[in-house]
Amino acid sequence: MTQVRESPILELRNLVKHFAMRRSLLRRSRDKVRAVDGVSLQIQSGRTTALVGESGCGKSTIARLILQLLQPDSGEVRMSGEVVVGASKEFRRSVQMVFQDPFSSLTPHLTIRSILKEPLTVHKVCLAEEIQDHILDLVSAVGLSADMLNRYPHQLSGGQRQRIGIARAIAVNPKLIVCDEPVSALDVSIRSQIINLLLDIQKSRNLAYLFISHDLDMVAHVSDTVAVMYLGKIVEQAPTETFFAGPRHPYSKALLASALIPDPKRRSENRELVGEMDSGVERETGCSFRTRCPLAIDLCATHEPVLHYSADEHLTACHRIEPV
Amino acid sequence: MSKKVFHTTLKRPGIRRWRLNGMLIAGLCLLLPLAVIAVFASWLSFLDPLSIDASSQLLPPSWNHPFGTDNFGRDVLARTVYGAQVSLRVGLGSMLLTAFFGVFFGVISGWYRWADAIIGRFTDSLMIFPGFVLAIMIMAAIGPSEFNVIISVTVLYVPQVIRTVRASIVEFRSAEFVDAARTIGVGDFRLLFVHIFPKAAGPVMVQLSFGFAWAVLVEAGLSFLGLGTPPPAPSWGNMIAEARDFIRSAWWMITIPGGMITLAVLGLNLIGDGLRDMLDPRLKDRGVL
Amino acid sequence: MNLVDIRNLEVQFPGATEPLTVIDDLSLNILPGEILGLVGESGCGKSMLARSIMGLVPSPGNVSKGQIFFGDLDLLTLDEPSRRSLRGNQISIILQEPMTTLNPVYTIGNQIEEVLKEHRPDMKRSERRQLVIQLMKQTGIPSPEARIHQYPHELSGGIRQRVAIAMALVGGKVQLLIADEPTTALDVTIQAQILKLFVELQKEHQMSLLLITHDLGVIAQTAHRVAVMYAGRLVEVAHVEELFDNPRHPYTRGLLHSLPRPGSHSRKQPMPSIPGTVPSPGAIPQGCAFYDRCGFRDDKQCLNERPNLEEGATEHWVSCHFAAEIPPFKVNSSDEVTP
């Protein structure tokens, strides 16, 4: 089945980023952490793409590569079809980010007003005399009152701070916002408020999100497409409904099985996945998941599986899945 | 319903949370009167610190000369007050220059890795020498004058400030709020001076107040050796140098400027300690949940 | 017979004008051999409760009222030496980030041995080594013979947490193990492993486990009984199935509603949420602490009168004026959440 697709707003093509590991002060080790190892991904405008994985799988590195806070070793980031090299003002206006920890991502010695003013002045979003009105619009858009403006970040609660982080991101009317674990640092009762705000803003501003998270239930709720990462690679990618109806990669299955269902009647006894993720230090061949994989065969040690298309735009990188 | 604003009383970061502490108050009490008298010396009708009076040599403290006179019959009180002016000028001048160059090079060195290698080696090489020995070398090379004292103190103290500023910049270079500002598109200059440097301003101020004390000492030391402010200008170092021959016969000639140096340096160090205590991050969480 | 019996505990911190109460008149018991889940959000006082039991309330905070019985001993009146001999011996604690409890400059073998030396000074060095390796095996650390020579930073988060657990069990006589957010810093797949280990060890050592967490999933999967805290107060205590089936306190209900459950909310639609934020100590409403955010409140009783923790159904304690009148709980009847 072929579907007519819009051209993606942002595209990652075979993105690679390795970090050199330092062994000692004098000798630089040749070992490398393969943080991102050939990732291709398309983000459609107005839709939410979720990037799922455990810590160290490279999902935050991808965020930093997209935001041009890091430069890739190879591969490219394309914005509306054009290769992005460094961060032009135009690029900054189109792509914004919401950070995980709303406390450390707001400059602590600036007032909320100054923090929100930064993007407006840097990008000359509006005339100087309109700035104050614009700031007021922004805080009300994220559900806060104007008396927050003269406070400092430490005087706000976590949820309020994250709202300011979101207000700062939408100040320049971006097309894409990278949300790096936007709610995982927040209290449980606040999380759904912030998720609702993000959904609301997406609808009213036709935003695309790259939603980075380890929380599968949250991902199931907010995303249109899911991509699962393991050790710097995407191992499975599918539309959200298809993915949750039947994940195919053994790692995705294990992730879903490990999720703790908030229902004491559904206690799963055998949900455990053995072992831990490797450090991502260079290995020679094969599938990086094979050391923990219950289905691993000899082939997995010698040949690296690549992402295969199957029906329903469901991509999987695993030798043990029958190609359709 | 009783609602109290809670968080505003807690966790105030850095400067906003300052409350005067004992050491700072003591330091200011020592130093402020001294500074005020020095600044307004010409209005306070002291005697001329340079006028020689052969008829009143080596007079002990009296109503006319509260601190006595020296071997040329000059009034020691007037010379001490004008000597304070010299110390103040040298201290302020050198610390202003130090602040300017220290912050400038420190910021560059902390932000740009290529600059770090160059500036780092430069500061290292300056810090190899014992400070005072290097000061003597510099003064010997460029000749004694008050302005040159300022130059040599600056050259000697700038590396310390560079290091402090650099350390703060490096600490916050990869902070999330810096990344956040970068993703907004804030340029390097604004990033450094609006988002990062204010975090370093406190420690630099502490260091400058210690530097001030050190400048007073260096000026006195150099003048004592004849390498600082040239006589007959009334600098505390000069006064002590001139008093060497009269220690037994005219104790006031050496104890007064010596005491002043002690008081000024003590006061400045107290201010530095006080500032440091207030900024110490370990104390910041005092009484906080 | 209770293993731990906390009666009317109050913990205060000095505030700007008056003391701030972080634990407010809290009574709770822990039965021998049970896993008691303690749920609450950051700042609700759940960690402070753990610290009170351990006798480690950080200065300038202090226990201003109440008693904590451990068996027959009142922990709060015990002198420091006898307290210390209880700590790590019969009562142990495990923290969220084991890196804060492990010393970075010693190998993990040395560190576990050091604790062992405290408890069993008579033991020979070789015996100690043996026991350390055995303990590490018990906590599921792969190839312990090699790991004892490693430093904490060389280990992954999951293994570090296993080391912390081994250290907590070193005394061999642990009756109460307190685990304060033990899996929050860990990945999902590792979290499942560690929780499984907790359940196994709890059975094996027949100890009680006080499992402190903000994650209702962790509670649902491991706990026998649950206590819910809000703003320094206990709002609901019940058996785990009872609590998830029939939550009576509006806060508990709000928490359960706002959980994303696969297939339960329609995708991309607004999720039910509790409005507002947790009040900070010092800004807690006079009557019910949840008053500001509650969908069931009335302006008389709830505003002025603090509800007591009362037993409604059998062994189901709730502190809400309307506990009896609130309709049965249905997942996703979100109407009740927004007042």
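Please refer to the structure placed before this passage.
Predicted, not measured: the structure shown is a model, and the values here were computed from it.

Caption draft 1: Fine view of the overall build of chain A. Summing up its helical and strand segments, chain A has 10 helices and 12 strands in all. Here chain A holds 324 residues, and the buried ones make up 56% of them. In chain A, 66% of the contacts between residues at least 6 apart in sequence involve partners at least 24 apart.

Caption draft 2: Molecular detail of the interface of chain A and chain B. Facing the 25 residues of chain A at the interface are 21 residues of chain B. Buried surface at the junction of chain A and chain B, summed over both partners, amounts to about 2100 Å²; 57% is from carbon and sulfur atoms. As a salt-bridge pair, B:Arg190 and A:Glu118 come within 2.3 Å of each other at their nearest N and O atoms. Run the count over chain A and chain B and you get 11 residue pairs in polar contact (both at pLDDT 80 or more).

Caption draft 3: Up close: the packing of helix α6 (residues 157-169) of chain C against helix α7 (residues 188-205) of chain C. Residue and element names in this part refer to chain C. The geometry of α6 relative to α7 is characterised by a closest axis approach of 10 Å and an angle of 15° between their N-to-C directions. With respect to each other, α6 and α7 are oriented roughly parallel. For the crossing formed where α6 meets α7, the hand is right-handed. Between α6 and α7, the contacting residues are Gly158, Gln161, Arg162, Ile165 and Leu169 on the first element and Ile190, Gln193, Ile194, Leu197, Phe198, Leu201 and His205 on the second. Tallied by class, the residues present in the contact of α6 with α7 amount to seven nonpolar, four polar and one charged.

Caption draft 4: Region of the structure containing the interface of chain C and chain A. Contact residues are listed per partner, giving 48 residues for chain C and 45 residues for chain A. Summing both partners gives a buried area of about 4000 Å² for chain C against chain A, and 51% of it is carried by carbon and sulfur. For chain C, the biggest contributors to the area lost against chain A are C:Gln221, C:Arg267 and C:Lys268; these three give 21% of the whole. At the surface where chain C touches chain A, the tally comes to four salt bridges. Here chain C and chain A share 21 residue pairs in polar contact (both at pLDDT 80 or more) between them. Listed by contribution, the elements that provide at least two residues to the side of chain C that touches chain A are α6, α7, α8 (216-222) and α9 (240-245) of chain C. For the side of chain C that touches chain A, the element with the most residues is α7(C), which contributes eight residues. The residue makeup of the side of chain C that touches chain A, split by class, is 22 nonpolar, 17 polar and nine charged.

Caption draft 5: Seen up close, the sheet that holds strand β4 (residues 62-70) of chain C. Residues and elements named next belong to chain C. On the basis of which strands lie adjacent, the open sheet formed by four strands has the order β2-β1-β4-β5 and antiparallel pairing. This sheet does not close on itself; its edge strands, each paired only once, are β2 (20-30) and β5 (73-74). Taken together, the two bridges between β4 and β5 define a ladder with antiparallel strand orientation. What sits directly across from Phe70, in β5, is Leu73. Contacts from helix α1 (residues 46-54) reach β1 (4-13), β2 and β4, with the element oriented near 110° to β1.

Caption draft 6: Highlighting the side chain of A:Gln68. All names here are of chain A. Assignment of secondary structure puts Gln68 in the loop between α1 (59-66) and β4 (74-79). Look at Gln68 and you get buried, because its relative accessible area is 7%. Of note is the side chain of Gln68, whose polar atom sits 3.4 Å from the backbone nitrogen of Gly86. When sequence neighbours within four positions are dropped, the list of residues in contact with Gln68 reads Val77, Val84, Val85, Gly86, Ala87, Phe91 and Arg92.

Caption draft 7: Molecular detail of the sheet that holds strand β3 (residues 35-39) of chain C. All names here are of chain C. One open sheet holds the eight strands; their spatial order is β6-β7-β8-β3-β9-β10-β12-β11, and the pairing between them is mixed. Edge strands, defined here as strands with exactly one partner in the open sheet, are β6 (91-94) and β11 (310-311). Examined bridge by bridge, strand β10 (residues 233-239) and strand β12 (residues 317-318) share two bridges and lie antiparallel to one another. When the sheet's bridge partners are listed, Glu236 is paired in β12 with Val318. Across the sheet, helix α10 (residues 250-257) touches β9 (225-230) and β10, and the angle it forms with β9 is around 105°.

Criteria and cut-off values
Residues numbered from 1 in each chain as written. Chains lettered and ligands numbered in written order. Predicted model: local features only at pLDDT ≥ 70, side-chain atom pairs only at ≥ 80, totals over all residues. Heavy atoms only, no water. Helix = DSSP H or I, 4+ residues; strand = E, 2+ residues; numbered from the N terminus. Buried < 20%, exposed > 50% of the residue type's maximum accessible area, 1.4 Å probe, protein only. Contact = heavy atoms within 4.5 Å. Buried area = accessible area lost by both parts, 1.4 Å probe. Salt bridge = Lys/Arg side-chain N within 4 Å of Asp/Glu carboxyl O. Polar contact = N/O pair within 3.5 Å; in protein donor to acceptor, adjacent residues only side chain to side chain. Axes fitted to C-alpha atoms, helices over the stretch in contact; angles between N-to-C directions. Parallel < 35°, antiparallel > 145°, perpendicular 65-115°, else oblique. Left-handed = near helix turned anticlockwise from the far one by under 90°. Nonpolar A, V, L, I, M, F, W, Y, C, P; charged D, E, K, R; others polar. Pairing = 2+ DSSP bridges.

Just distances and angles here, no functional claims.
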